[in-house]
Amino acid sequence: MPKNATNRRNTFKPQNNKQTGDIEGRDITWSSLGDFFKNRRLQKAIGLFFLLLSIFLLLAFSSYLFSWKADDAILNGRALNWELLTDTSVQADNMMGRLGAIMSHLFIKQWFGISSFLFLLIFFLWGFRLLTNIRLLHLGRTLAISLFILIWTSVFFGYIISAGDLLILGGTFGYEAARFLNGLSGKAGTAIILLFTMGTFVIIAFDPSLRALNKMLPLRIKGLFPGKSKPEAEDQPENNGMAISSQEEEETGDLRKEEDHHEGQPDDQPYDNPLTTHRAEGALSDDPGTETIDTGARSETEDPELEIEIANGKITGSDYQEIREPFQSDSNGEQDMNQLGEYDPTLDLPRYRLPDLSLLDDRGSGNIQINKQELEDNKNRIIETLRNYAIEIDRIKATVGPTVTLYEIVPAPGIRISKIKNLENDIALSLSALGIRIIAPIPGRGTIGIEVPNSNPEIVSMKSILGSERFRNSGFDLPIGLGKTIANETFIADLTKMPHLLMAGATGQGKSVGLNAILTSILYKKHPAYVKFVLVDPKKVELNLFSKIERHYLAKLPDAEEAIVTETRQVVRTINSLCVEMDNRYDLLKDAQARNIKEYNTKFIARKLNPNEGHRFLPYIILFIDEFADLIMTAGKEIELPIARLAQLARAVGLHLVIATQRPSVNIITGTIKANFPARIAFRVTAKVDSRTILDSGGADQLVGRGDMLLSTGSDLIRLQCAFIDTHEIERITEFIGSQRAYPDAFNLPEYFDDDSSIPENMDPSERDELFADAARIIVATQQGSTSLIQRKLKLGYNRAGRIIDQLEAAGIVGPFEGSKAREVKIKDEITLEQILRQQE
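Residues numbered from 1 in each chain as written. Predicted model: local features only at pLDDT ≥ 70, side-chain atom pairs only at ≥ 80, totals over all residues. Heavy atoms only, no water.

**As for the overall build of the chain**
For the record, the criterion: Runs of E in the DSSP output that reach at least two residues are strands. Runs of H or I that reach at least four are helices, and both are numbered from the N terminus. Exposure classes here rest on a 1.4 Å probe applied to the protein chains alone. A residue is buried below 20% of its type maximum, exposed above 50%, and partly exposed in between. All accessible-area figures derive from a Shrake-Rupley calculation using a 1.4 Å probe, and residue coverage is judged against the displayed protein chains alone.
Of the regular secondary structure elements, the chain holds 28 helices and 18 strands. Here the chain, with 841 residues, has 48% of them falling under the buried criterion. On the chain, roughly 42300 Å² of surface is accessible, and the fraction owed to carbon and sulfur atoms is 53%.

**Considerations on the sheet that holds strand E10 (residues 501–504)**
Which entries qualify depends on this criterion: Any two strands with at least two DSSP bridges between them are considered paired. For every element, the axis is a line fit to its C-alpha atoms; helices are fit only across the contacting stretch, and the angle between N-to-C directions ranges from 0 to 180 degrees. Should any heavy atoms of two residues lie within 4.5 Å, those residues are considered in contact.
Taken in spatial order, the nine strands line up as E9-E8-E17-E16-E15-E10-E14-E13-E11 in an open sheet, and their pairing is mixed. The open sheet has two edge strands, strand E9 (490–494) and strand E11 (531–536), and neither has a second partner. Mean inter-strand twist for the sheet, computed between neighbouring axes without regard to direction, equals 30 degrees. Of the strand pairs in this sheet, strand E8 (residues 479–485) and strand E17 (residues 717–722) are connected by three bridges, and their pairing is antiparallel. Bridging from a neighbouring strand, lysine 484 pairs with glutamine 721 of E17. Each of strand E13 (620–625) and strand E14 (655–661) is contacted by helix H21 (residues 637–649), which is oriented at about 130 degrees to E14, the strand it contacts most. In the packing of helix H23 (residues 688–695) onto the sheet, the strands contacted are E10, strand E15 (679–682), strand E16 (708–712) and E17, and the crossing angle to E15 comes to about 155 degrees.

**A short note on H23**
Selection criterion: The arc refers to the directions leading from the helix axis to the C-beta atoms.
For H23, every residue scored as buried is listed here: Asp690, Ser691, Thr693, Ile694 and Leu695. Projected down its long axis, H23 shows its buried positions confined to an angular sector of 165 degrees, all on one face. On the buried face of H23, the contacting elements are E10, helix H22 (671–675), E15, E16 and E17. Downstream of H23 by one or two residues, aspartate 696 has phi in the positive range, about 65 degrees.

**Quick word on the side chain of arginine 823**
Put simply, the rule reads: Polar contacts, as used here, are pairs of N or O atoms within 3.5 Å; protein pairs need one atom able to donate a hydrogen and one able to accept it. Residues neighboring in sequence count only if both atoms are side-chain atoms.
Within the secondary structure, arginine 823 sits in the loop between helix H27 (798–810) and helix H28 (830–839). Using a relative accessible area of 10% as the deciding quantity, one classes arginine 823 as buried. Within polar-contact distance, the side chain of arginine 823 engages the side chain of glutamate 809 at 2.7 Å. One polar contact links the side chain of arginine 823 to the main-chain carbonyl oxygen of glycine 815, over a distance of 3.1 Å. In contact with arginine 823, other than residues within four places in its own chain, are Gly785, Ile805, Asp806, Glu809, Val814, Gly815, Pro816 and Phe817.

**Let's talk about the environment of threonine 88**
Mapped onto the secondary structure, threonine 88 falls in the loop between helix H3 (82–86) and helix H4 (97–112). Residue threonine 88 is classed as exposed on the basis of its relative accessible area, which comes to 60%.

**A short note on the confidence of the model for the chain**
Just so we agree on the cut-off: Per-residue confidence from the predictor is given as pLDDT, running between 0 and 100.
When the pLDDT values of the chain are averaged, the result is 76; 76% of them are 70 or greater. Scored below 50 in pLDDT, residues 1–28 shows 50 contacts in the model against residues more than four places distant or in partner chains. Contacts from residues 217–339, a stretch scored under 50 in pLDDT, to residues over four places away or in other chains number 165 contacts.

In structure tokens, the structure reads:
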């Protein structure tokens, strides 16, 4: 076998036993058939077939338009079957031979006439999509439009012509369909049916407006149509969700240029970064024209979708607040939301580009170099060790991974599995290897697995994970590339399905690299409008590199100086603030009658929810905590209780937790936390009891370290080699993102006041909010001391509503904060409230 062989499965069989195939006894099921058609190579082959078929039919149809009389003289009266196709005595005039003549005769003469050329478009688009995975046009929409035009055109030509030489225009199908309609409703009725179907199709497909027709009509009869006969300034075309008029874009661009000229945004300007010189100079230019940025040298495995087309216009800090509110109230406080089209969260940063794969380092080819001598030696030692204890095996198979090789054995009939399991230390001794792990049996395979570390482990680069087809084509909401399996397959998981992740392991075994891999995966896949990070780093050095993307991706408390939380007291406030955010989001979901964040955002994007009533687009928020043990030691229940509450409830509203610790003891990873973290990653630990604390089973104590890990998703344990990403790669990525235009500030979490936060008891009435009295009346009338209630009723932002609640508390109208419960309303009737308001004026 060549050294660069890509097949990672070798089968070894003892000389005295019968040789059996690897797929012996395997049944073909519907799921295996589905997996077969999902194979990317098969899809490419099918795509190539349809591309060539479209070219073949194009030549055949074009030739048939000139040779159809001669070809029909041969084909008429004969059965179009295999015998005719193979009859060498038949000579067709079609340039594509007998096959071209037969297919053209069927499609054009017998079926749909010249409209059959639309089949070529369908075949070409489908083949191009399967071959290149690039969508030129929306396949479903194009198919529906093409099929309608195909049938309608065939019937139309059949209606206007009679049988004869012109039959190829509409085909036999169109002619017979027109004859049927003529007999059913007469010639005039058929014409009306054709006009009605075409008009209905145009309305459904393109939704035309009568405004253009209204302008062409004489002025004296314009009143018959519903359009406004007012000056052009008021007669602007509707925006039905597909595009914004060029005039509106020019006016918006002029307005933004004026604001940029007067206000200036020095903080938003990109700075010169020597590490990202491959970026085109026009990435943040002020040229309002549309351009596509050339990212320079690009890896062959890079996703073509990373080439982002830059939208028109320039977003400045002063534009941010206006763009973030997609609805503007008219004089009556209402807006016709149906005329605005879909809301696009990415309009705040239209020029933002996802990072390039060129920012990551290449570490090897990604192909496992198989050492046949090592495999043979390990196989012989395993067989010899088992025979020393009178254990015979029928078959042994090796699957080579980047760090570990899995040897699957099938014991002879009558051999007890527990007997092999008890020989774990003896096999490790015979192989002179560290980290031997026996899986008895392997679930779903009917074999016993023996995992043996490779003598020369391979490094799994982050670039190979992010550049893989599985990651680029994943449809996950929050895809994370963790590494590669024993079979050297890229492992991609969806954080929203986990929905929280617990990582544990001894120091220096790869936890921080694992956190960086998760963060990098999301940075390469999601726009800043869709996801925000809350980073907690008690060590102050592990996550500090991500401070450069504060205004793009990070979330923090409004009064926090730094987005990366390091102080314990600030950590408590931040996590409790996330609990408040969770409660607020549940209130929004309740008002919107949505069950989860996906349904809510779908309604908001469709403009079914009005921001003037407190609704807003909800990004995913992911809380990353490094060194969780240190927080538990210093804060204890103040950390554990809100973490447990978030883990129990926050999934539906888009809040997810990723927690790492190096002390997986029971007083750190308590039962309450474990119960709400079904997905857990265990790096190498020193004791079996620690492995059981993390995974509820052994195995983590037998890992080899340096990124070797076990992923538990409930019932299964998956051994992975974590993808490696170095510090300088993180620096390049954060420099690339940080050099682009950003939001004016980091994403603000709700304000939270703990026991140490002082609220003045006697606040100066002159400092009260102008809506203080209105908010007090709403609170007393509803008897609910809720910030979100004020936010919805008075159409305020959360921070302003929170300050009003603090002022109401200082005035003695509501009680103190009580966690997830609403505040107590101390005033029970409006008469008493009015007396208090007059006294405090």
